[in-house]
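Listed here are the chains, written in short residue letters.
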Amino acid sequence: MVALLLLIASQYHFWSRLSSGSVFAPEFPRPLIILFNWVSGATLLLAALQIVLDLGALATMLTTRHVGGWPDGVRYAAAGAAALVAAIGVAGALRVPPLKDVEIKIRNLPAQFDGYRLLQLTDLHISRLFPAKWSRAMVDRSNALGVDLIVVTGDFIDGSVAMRQADVGPLRDLHAPDGIYAIPGNHEYFFDYDAWMHHLERLGFRMLPNAHVVLQRGEHKLILAGVTDLSAPRFGQVGPDLSTALAGAPADVPVLLLDHQPRQARQAAARGIALQLSGHTHGGMVRGLDRLVARANGGFVSGRYDVDNMTLYVNNGTALWPGFALRLGRPSELTRITLRGHS
């Protein structure tokens, strides 16, 4: 029975494709998606623990020249530990994230923007796993943070507009004095990019695909720019173009850039960007595994980086993809960023 359960769980992405036509949008009841993620996570953790135990047994055999192995009880204990840790990891992935406060210094920031607060949301992955109830709780918590501006750095959804219309509905209630701005992530391109851009705009988001806006405090200015995702050309859409995004922007004004993936941070730094906000990596999800995720993202995976005098902040994510909903040591976050002047 256990072997059959593991076999079924190992084909999770196959069942997801059957349910919706895409591995990125499992259309099962939420408890079943949670079960799939728990069993998948426990299986991976158990495999890792078994390898450690086998290496330990091998080392003992080589040093003592005695053929032996671990008692069955140790193996069963490893299985229990894997199941428990996987449950903790899934629970950590499903929660509405707590607040994380970050203070970032911006060179030549106008004094009127010193103390300016913005909230970064990213990788919401609204889906059967993160449905309307979760969205509503996340929106309510976000609105209570008292920020000047809210930005979303992509991956709003997993599913088509028809699938997710009710689940994204609470997003229309996000509010901040200076507005709600956003860019697409790679997942928007998987599910009819144009339809999602129109729908998000109807929900009140001002999209910045290779575009910018000037934020003002009296005569003083701050530029907020955004670019499309690196995956866009594969779907016949316009790829990220920072030159287009900054066309017509006033000179000598600090620029905050929204770029879903952090891989191009050095190019942004070379253009004089003051702060880049990214997501995409989910923080690597599991401490240790994050090193592999970093290698696929230019070395950037979680938190703050100084990139050639530009600050890059890679958000762990507000949620994450329902195909691997496990967090261990890389918690989700509602990231409230306070800007401070720096000469």
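A few points on the structure.

1. Looking at the pairing of strand β10 (residues 303–307)
Right, on to step 1. Taken together, the five bridges between β10 and strand β11 (residues 310–314) define a ladder with antiparallel strand orientation. Looking at the pairing, R304 lines up with Y313 of β11.
Right, on to step 2. Linking β10 back to β11 in an antiparallel pair, the connection comprises two residues, with D308 at a positive phi of about 50°.

2. Digging into the side chain of N210
Right, on to step 1. Mapped onto the secondary structure, N210 falls in the loop between β5 (206–207) and β6 (211–217).
Right, on to step 2. At 3.0 Å, the side chain of N210 forms a polar contact with the backbone oxygen of G239.
Right, on to step 3. When sequence neighbours within four positions are dropped, the list of residues in contact with N210 reads G226, V227, T228, V238, G239, P240, D241, T244 and A245.

3. Some remarks on the nonpolar core
Right, on to step 1. Grouped together as the largest cluster of nonpolar side chains are 49 residues, with contacts concentrated most on L121, M138, F156, L171 and F205.
Right, on to step 2. Taken together, the elements giving at least two residues each to this core come down to α3 (30–64), α4 (72–94), β2 (117–121), α5 (132–143), β3 (149–153), α6 (161–168), β4 (180–183) and α8 (193–202).
Right, on to step 3. With four residues, α8 is the largest single contributor of residues to this core.
Right, on to step 4. Apart from residues no more than four positions distant in its own chain, F205 is found in contact with V152, F156, L171, L174, I180, A182 and L200.

4. What to know about α4
Right, on to step 1. Taking 1.5 Å per residue as the helical rise, α4 with its 23 residues ought to reach 33 Å, and the 33 Å between its terminal C-alpha atoms agrees with that figure.
Right, on to step 2. Among the residues of α4, A78, A82, A86, G89, V90, G92, A93 and L94 are the ones counted as buried.

5. Description of the sheet that holds β6
Right, on to step 1. Spatially, the six strands line up as an open sheet ordered β6-β7-β8-β9-β11-β10, and their pairing is mixed. Edge strands, defined here as strands with exactly one partner in the open sheet, are β6 and β10. Within the sheet, the average angular offset between the axes of one strand and its neighbour, ignoring direction, is 20°.

6. Description of the packing of aromatic side chains
Here the distance between the centres and the angle between the planes together describe a pair of aromatic rings.
Right, on to step 1. Using the criterion set out here, one finds 10 aromatic pairs in the structure.
Right, on to step 2. When the ring of Y189 is compared with that of Y193, the centres are 4.4 Å apart and the planes differ by 5°; the resulting orientation is stacked.
Right, on to step 3. Of the residues examined, Y189 reaches a relative accessible area of 4% and is grouped as buried.
Right, on to step 4. Here the aromatic rings of F300 and Y305 are separated by 5.1 Å at their centres, their planes lie at 75°, and the arrangement is edge-to-face. The same class applies to F300 and to Y305, which are both buried.
Right, on to step 5. Of the aromatic side chains, those joined through ring pairs into one cluster are F24, Y189, F190, Y193, F235 and W321.

7. Some details on the sheet that holds β2
Right, on to step 1. What the six strands build is an open sheet, ordered β1-β12-β2-β3-β4-β5; its pairing is mixed. The open sheet has two free edges, formed respectively by β1 (99–107) and β5, since each of these has just one partner strand.
Right, on to step 2. Pairing analysis gives nine bridges linking β1 to strand β12 (residues 334–342), with the strands arranged parallel. Bridge pairing in β12 places E103 opposite T338.

8. With respect to the pattern of salt bridges
Right, on to step 1. Throughout the structure, instances matching the rule amount to 14 salt bridges.
Right, on to step 2. Here R128 and E27 are joined by a salt bridge, their closest N and O atoms 3.5 Å apart. A residue pair is termed long-range when its members are at least 10 positions apart, and R128 in the loop between β2 and α5 and E27 in the loop between α2 (12–20) and α3 qualify at 101 residues.
Right, on to step 3. Classification of R128 as partly exposed rests on a relative accessible area of 34%.
Right, on to step 4. In this structure, R330 and D290 form a salt bridge, with 2.5 Å as the shortest nitrogen-oxygen distance. With a gap of 40 residues between them, R330 in the loop between β11 and β12 and D290 in helix α11 (residues 290–295) connect regions that are remote in the sequence.
Right, on to step 5. You can call R330 buried: its relative accessible area is 14%.

9. Digging into the packing of α6 against α8
Right, on to step 1. Direction vectors running N to C along α6 and α8 enclose 20°, while the axes themselves pass 11 Å from each other. Considered as vectors, α6 and α8 are oriented roughly parallel to each other. Taken as a pair, α6 and α8 cross one another with a handedness that is right-handed. Touching V161, R164, Q165 and V168 of α6 are A195, W196 and H199, all from α8.
Right, on to step 2. Each residue belonging to the contact of α6 with α8 can be placed in one class, and the counts come to four nonpolar, two polar and one charged.

10. Here's the deal with a nonpolar patch on the surface
Right, on to step 1. Taken together, the side chains of I51, L55, L58 and L62 define a hydrophobic patch exposed on the protein surface, amounting to about 420 Å² of accessible area.
Right, on to step 2. By secondary structure assignment, the location of L62 is in helix α3.

Analysis parameters
Residues numbered from 1 in each chain as written. Predicted model: local features only at pLDDT ≥ 70, side-chain atom pairs only at ≥ 80, totals over all residues. Heavy atoms only, no water. Pairing = 2+ DSSP bridges. Helix = DSSP H or I, 4+ residues; strand = E, 2+ residues; numbered from the N terminus. Polar contact = N/O pair within 3.5 Å; in protein donor to acceptor, adjacent residues only side chain to side chain. Contact = heavy atoms within 4.5 Å. Core = buried A, V, L, I, M, F, W, Y, C linked by side-chain atoms within 4.5 Å. Buried < 20%, exposed > 50% of the residue type's maximum accessible area, 1.4 Å probe, protein only. Expected span 1.5 Å × (residues − 1). Axes fitted to C-alpha atoms, helices over the stretch in contact; angles between N-to-C directions. Phe/Tyr/Trp six-rings, centres within 6.5 Å; stacked < 30°, edge-to-face > 60°. Salt bridge = Lys/Arg side-chain N within 4 Å of Asp/Glu carboxyl O. Parallel < 35°, antiparallel > 145°, perpendicular 65-115°, else oblique. Left-handed = near helix turned anticlockwise from the far one by under 90°. Nonpolar A, V, L, I, M, F, W, Y, C, P; charged D, E, K, R; others polar. Patch = residues over 30% accessible without salt bridge, like charges linked within 9 Å, V, L, I, M, F, W, Y side chains within 5 Å. Areas by Shrake-Rupley, 256 points an atom, 1.4 Å probe, with all protein chains shown as cover.

Without other data, these values stay purely geometric and don't point to any function.
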